[in-house]
Amino acid sequence: MRFLIDVINGLRIAFGALRANKLRASLTTLGIVIGVMTVIMMVVIVMGLNKALRSQLEFLGAETVYISRWDWNGNDWRDMIKRRDMELRYVDALRKESREIEAISPFYDQQMNVSFRGATLSRVNIQGVSEEFFLTNPKDLAEGRVFTGQEVSRNANVTVIGQDVAAQLFPDQSAIGKELKIGAWNFEVIGVTTKYGKVFGQSWDNFCVIPYGVFEKRFAGRNFDGLTIVAKGRSADRIEDLQWEVTGIMRRLRHLDPREVNDFGLNTQSAILDQFNQMTAAVYAGGIIIGLISLIVGGIGIMNIMLVSVTERTSEIGLRKALGAKRWNIAWQFLTESAVICAVGGIVGVGLAALVSQALNNVLPTYMPMWIVLVGVLFSAVVGIFFGLYPSVKAASLSPIEALRAD
């Protein structure tokens, strides 16, 4: 009980001293405010970007692998361009031999002009796939349907279009049943997907999906090498099993010697996220280092002010000791003052970071979890305790007689 009373008295005296020197205490906190704000802003921006990217990449599917000549993880393109093309026969072989694949589809992609009654859209993504593509990459439909296996087998000129194509070519009418032109060929619109938005600033609603046989026949050409194989596994938890199995089958299909490296890319949603995390890690670390330097500078400022405060209040310390205050009572008072100054700086820094992140949210995704608020304030208090330790020990070590004479 006595200890608790001493603690409360120490807090009361510390707050009283801070109120008596408001301007000095406010200026002292600036370094802490800037440091905490910098660290939190970096964390908030990087977490916001990660969260936005993860959300936007959900359409790729956590249980899906994309097999092609190219790696998404940034390997040297000079090596990748030497690789052999993907072949359509791999799709059937993977379907027959794999136990992990639930659905599989070829995927061709090429940009072309699309038109309807005089209106033309340029650089629309034309995607050639099988009916299983709608299982590997499920698409919600705003209206209509997706094409069937029979329509794929007979190379029917049918298409499922994205919202951008529907909105610009059929602004005031339903697109279902209408015939648009892809290049020089007519295609019946049988489905329109819901809006997906943008990823990295690129629209994901500017596409026409058609049967892959039609794509090969009409658009691929003799030297077209843009085949990707999309394979969906049974669950995201077994994605590594799927990757191992597909790797083994692909190596056998491409007759690779055990000593040779893979001459194909096996890409997943996590590969993009890993690459993005590597890119942001340097920015993340740089921001935290700058913030920590600001906190150290702010902490040194706190130490300096607290040493000045000890000198100014030497007689007060002597009087308290003469009245029975113990060494730890004096040390506690100055430690509390230092910690409170830094904690207030931390609260202000967190508040400013929250305001700035809200302002940035219109142009840059940000995300501020509650734990970062608590960590910011607690870490500031720890900085205050650390840099207030020496002044508090110095104050507690003063002799009461010498301290009273100092006045």
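Cut-offs used in this document
- Residues numbered from 1 in each chain as written.
- Predicted model: local features only at pLDDT ≥ 70, side-chain atom pairs only at ≥ 80, totals over all residues.
- Heavy atoms only, no water.
- Helix = DSSP H or I, 4+ residues; strand = E, 2+ residues; numbered from the N terminus.
- Buried < 20%, exposed > 50% of the residue type's maximum accessible area, 1.4 Å probe, protein only.
- Contact = heavy atoms within 4.5 Å.
- Areas by Shrake-Rupley, 256 points an atom, 1.4 Å probe, with all protein chains shown as cover.
- Lys, Arg positive; Asp, Glu negative; His and termini not counted.
- Charge placed at Lys NZ, Arg CZ, Asp CG, Glu CD.
- Core = buried A, V, L, I, M, F, W, Y, C linked by side-chain atoms within 4.5 Å.
- Expected span 1.5 Å × (residues − 1).
- Pairing = 2+ DSSP bridges.
- Axes fitted to C-alpha atoms, helices over the stretch in contact; angles between N-to-C directions.
- Left-handed = near helix turned anticlockwise from the far one by under 90°.
- Parallel < 35°, antiparallel > 145°, perpendicular 65-115°, else oblique.
- Nonpolar A, V, L, I, M, F, W, Y, C, P; charged D, E, K, R; others polar.
- Phe/Tyr/Trp six-rings, centres within 6.5 Å; stacked < 30°, edge-to-face > 60°.
- Lys NZ or Arg CZ within 6 Å of the ring centre and 35° of its normal.
- Polar contact = N/O pair within 3.5 Å; in protein donor to acceptor, adjacent residues only side chain to side chain.
- Salt bridge = Lys/Arg side-chain N within 4 Å of Asp/Glu carboxyl O.

Concerning the overall build of the protein chain
A tally of helices and strands in the protein chain yields 15 helices and 12 strands. Overall size of the protein chain, expressed as C-alpha extent along the three principal axes, is 105 × 60 × 40 Å. Looking at the 407 residues of the protein chain, the share that counts as buried comes to 46%. Within the protein chain, contacts between residues at least 6 apart in sequence are counted, and of these 77% link residues at least 24 apart. Accessible surface, the protein chain as shown: approximately 21,500 Å² in total, 58% of it carbon and sulfur. Charge centroids of the protein chain, computed over 42 positive and 38 negative side chains, lie 7 Å from each other.

Regarding helix H5 (residues 89-97)
When H5 is considered as a whole, its buried residues turn out to be Tyr90, Val91, Ala93 and Leu94. Where the residues of H5 are buried, they touch strand S1 (64-68), strand S2 (101-116), strand S11 (228-233) and helix H10 (239-253).

What about the nonpolar core?
Ranked by internal contacts, the top residues of the largest apolar core, which has 45 residues, are Ile67, Leu94, Ile126, Ile161, Leu180, Ile182 and Met250. Beyond its immediate sequence surroundings of up to four residues, Ile67 is in contact with Met86, Leu94, Leu227, Thr228, Ile229, Val246, Met250, Phe264, Gly265 and Leu266. Core analysis: the next-biggest nonpolar cluster, separate from the first, contains 26 residues, Val43, Ala353, Val383 and Phe387 among them.

Some points on H10
Here H10 contains 15 residues, and its C-alpha end-to-end distance of 21 Å stays within 8% of the 21 Å for a straight helix at 1.5 Å per residue. Against S1, H5, S2, S11 and strand S12 (265-268) lie the buried residues of H10. Within two residues after H10, His255 carries a phi angle of roughly 55°, on the positive side.

Regarding the pairing of strand S5 (residues 158-161)
Judged by which residues are buried, S5 turns out to be covered on both faces: Val158 and Val160 on one side and Thr159 and Ile161 on the other are all buried. Sheet analysis places S5 next to strand S7 (residues 185-193), joined by four bridges and oriented parallel. Bridge pairing links Val158 to Glu188 in S7. Two strands pair when backbone bridges link them, and S5 and strand S10 (residues 207-211) are joined in this way by two bridges, in the antiparallel orientation. Bridge pairing in S10 links Ile161 to Cys208.

A short note on the packing of helix H11 (residues 269-312) against helix H13 (residues 327-360)
Between H11 and H13, the shortest axis-to-axis distance is 11 Å and the interhelical angle comes to 140°. As for the relative orientation of H11 and H13, their crossing is right-handed in sense. Across the interface between the two elements, Ile302, Met306, Ser309 and Val310 from H11 touch Phe334, Glu337, Ser338, Ile341 and Cys342 from H13.

Overview of the packing of H13 against helix H14 (residues 370-396)
Any two packed helices are characterised by the angle at which their axes cross and by the distance between the axes. Relative to each other, H13 and H14 sit at 150°, their axes nearing to 6 Å. If you check the angle between H13 and H14, you find them roughly antiparallel. When you trace H13 past H14, the crossing you get is right-handed. Taken together, the residues of the contact of H13 with H14 break down into 18 nonpolar, seven polar and one charged.

Remarks on the pairing of S7
Pairing analysis gives three bridges linking strand S4 (residues 141-144) to S7, with the strands arranged antiparallel. Pairing of Gly144 across the sheet is with Gly191, part of S7. As defined by bridge partners, strand S6 (residues 179-182) adjoins S7 across four bridges and the pair is classed as antiparallel. Opposite Leu180, over in S7, you have Phe187 as the bridge partner. What sits between the antiparallel neighbours S6 and S7 is a turn of two residues, in which Gly183 has the positive phi angle 65°.

Points about the packing of aromatic side chains
Within the structure shown, the criterion is met by eight aromatic pairs. Relative to Phe147, the ring of Phe134 lies with its centre 5.1 Å away and its plane at 80°, an arrangement referred to as edge-to-face. In this pair, Phe134 is assigned in helix H6 (residues 133-136) and Phe147 in the loop between S4 and helix H7 (149-153), connecting sequence segments 13 residues apart. An identical accessibility class is assigned to Phe134 and Phe147; each is buried. Ring pairing ties together the aromatic residues Phe107, Phe133, Phe134 and Phe147, which thus form one cluster. Cation over ring: Arg218 sits above Trp185, and NZ or CZ is 3.8 Å from the ring centre.

Quick look at the side chain of Arg83
Secondary-structure assignment places Arg83 in the loop between helix H4 (77-80) and H5. Among the polar contacts made by the side chain of Arg83, one reaches the side chain of Asp71 at a distance of 3.0 Å. Once residues lying within four places of it in the same chain are set aside, the contact partners of Arg83 are Arg69, Trp70, Asp71, Asn262, Asp263, Phe264 and Gly265.

Looking at the pattern of salt bridges
One pass over the structure, following the stated rule, counts 14 salt bridges. Here Lys195 and Asp164 are joined by a salt bridge, their closest N and O atoms 3.5 Å apart. Note that Lys195 is positioned in the loop between S7 and strand S8 (198-199) and Asp164 in helix H8 (residues 163-169), a separation of 31 residues in sequence. Using a relative accessible area of 16% as the deciding quantity, one classes Asp164 as buried. A salt bridge links Lys195 to Asp205, with the nearest nitrogen and oxygen atoms 3.7 Å apart. One end of the pair, Lys195, is in the loop between S7 and S8; the other, Asp205, is in the loop between strand S9 (202-203) and S10, and 10 residues separate them in sequence. Put simply, Arg84, Arg254 and Asp263 are held in one network by salt bridges that share partners.

Notes on unusual backbone geometry
Of note, the phi angle at Asn155 is positive, near 50°, even though the residue is not glycine. Along the chain, Asn155 falls in the loop between H7 and S5. Judged by relative accessible area, Asn155 falls into the partly exposed class, the value being 31%. The phi dihedral of His255 falls on the positive side, at around 55°, and the residue is not glycine. By the secondary structure assignment, His255 is in the loop between H10 and S12.

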